[in-house]
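Structure assessment
Letter by letter, the chains look like this.
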Amino acid sequence: MIRIELTIDVASPPEDVFGRLVDLDGLPDWQSSAVRVRADEPLAHGVRIFECRRVMGREIENELEVVGFDPPRRLTLKALKGPVRFTVDHELAESDGGTRLHVVAEGKAGRFMKLGEPVLARQADAEMRNDFARLKELLEYLAR
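Residues numbered from 1 in each chain as written. Predicted model: local features only at pLDDT ≥ 70, side-chain atom pairs only at ≥ 80, totals over all residues. Heavy atoms only, no water.

Some points on the overall build of the chain
Of the regular secondary structure elements, the chain holds 3 helices and 7 strands. Along the chain, from the amino end to the carboxyl end, the secondary structure elements read β-α-α-β-β-β-β-β-β-α. The globule rule puts the C-alpha radius of gyration for 144 residues at 15 Å, and the 15 Å found for the chain is close to it. On the principal axes, the C-alpha backbone points of the chain span a range of 45 × 30 × 20 Å. Sequence separation of 24 or more characterises 45% of the internal contacts of the chain that already satisfy a separation of 6 or more. By element, 51% of the accessible surface of the chain is carried by carbon and sulfur atoms, the whole surface being about 8,200 Å². For the chain, the distance from the average site of its 22 positive side-chain charges to the average site of its 26 negative ones is 7 Å. (Helix = DSSP H or I, 4+ residues; strand = E, 2+ residues; numbered from the N terminus. Rg over C-alpha atoms; globule rule 2.2 N^0.38 Å. Contact = heavy atoms within 4.5 Å. Areas by Shrake-Rupley, 256 points an atom, 1.4 Å probe, with all protein chains shown as cover. Lys, Arg positive; Asp, Glu negative; His and termini not counted. Charge placed at Lys NZ, Arg CZ, Asp CG, Glu CD.)

Written out as structure tokens, the structure reads:
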């Protein structure tokens, strides 16, 4: 089991942070592995997201479902297909005029990736921390 948890403070209101989290066209701007991401309708509870990510040099297709949607407080995604079954929960709270964003990602590597799970966990942790640092920079730059 892989579990990654992080909390960052962003000098931008929760509405702006949440808006960036659900902007699928803009995900490649701050998520390094995102190649293509789309949904057939606006994000809401139950909507499916189809994405292509570059992981360990390969393009991997995933299908996710929005399982928690409470703008601008919570966005929870669950992978339905792909080599790693995971959930990512984003909890947003107003903090000193900005946003405290708490993210928990949990996953379990499939049968074929089980042996590489420790390496995958380290890589995913580093990538997630870098991605959310980029998101913070982007939002704070836009807020100026």
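Resuming the write-up.
Examining the confidence of the model for the chain
Regions with low pLDDT should not have their predicted coordinates read in detail. Taken over all residues, the pLDDT of the chain has a mean of 91, while the share at 70 or more is 93%. Within the chain, no element has a lower average pLDDT than helix α3 (residues 117-143), which sits at 88, and none a higher one than helix α1 (residues 14-21), at 97. (pLDDT = per-residue confidence, 0-100.)

Describing unusual backbone geometry
For the peptide bond that leads from Pro71 to Pro72, omega is -10°, which places it in the cis range. With respect to the element layout, Pro72 can be found in the loop between β4 (58-70) and β5 (74-81). At Asp96, a residue that is not glycine, the phi angle is positive and equals roughly 50°. Exposure remark for Asp96: the relative accessible area of 84% places this residue in the exposed category. (Buried < 20%, exposed > 50% of the residue type's maximum accessible area, 1.4 Å probe, protein only.)

Observations concerning the pattern of salt bridges
Scanning the model with the defined rule gives 17 salt bridges in all. Connected through salt bridges with shared partners, the residues Arg36, Arg54, Glu59 and Glu61 form a single ionic network. (Salt bridge = Lys/Arg side-chain N within 4 Å of Asp/Glu carboxyl O.)

Let's talk about the nonpolar core
In terms of nonpolar packing, the biggest core is built from 32 residues, with Leu21, Ile49, Leu101 and Phe132 touching the most fellow members. The contacts of Ile49, once residues within four sequence positions are left out, are Leu24, Val37, Arg38, Ala39, Leu43, Asn62, Glu63, Leu64, Val66 and Leu77. (Core = buried A, V, L, I, M, F, W, Y, C linked by side-chain atoms within 4.5 Å.)

Focus on the pairing of β5
Remember that side chains alternate between the two faces of the sheet whenever the strand is regular. The pairing of β4 with β5 spans 7 bridges and is classified as antiparallel. Pairing of Gly68 across the sheet is with Thr76, part of β5. With 5 bridges joining them, β5 and strand β6 (residues 84-95) adopt antiparallel strand pairing. By the bridge assignment, Arg74 is partnered in β6 with Glu91. Between β5 and β6, which pair antiparallel one after the other, the connecting turn spans 2 residues, and Gly82 there sits at a positive phi close to 120°. (Pairing = 2+ DSSP bridges.)

Concerning the environment of Ala126
One can find Ala126 in helix α3. For the pair Ala126 and Ile4, spaced 122 residues apart in sequence, the C-alpha separation works out to 9.6 Å.

Regarding α1
Spacing of three or four residues puts side chains on the same side of an α-helix, whose turn is 3.6 residues. Within α1, the full set of buried residues consists of Pro14, Val17, Phe18, Arg20 and Leu21. Across the axial projection of α1, the buried residues extend over an arc of 160°, all falling on one side. (Arc of directions from axis to C-beta.)

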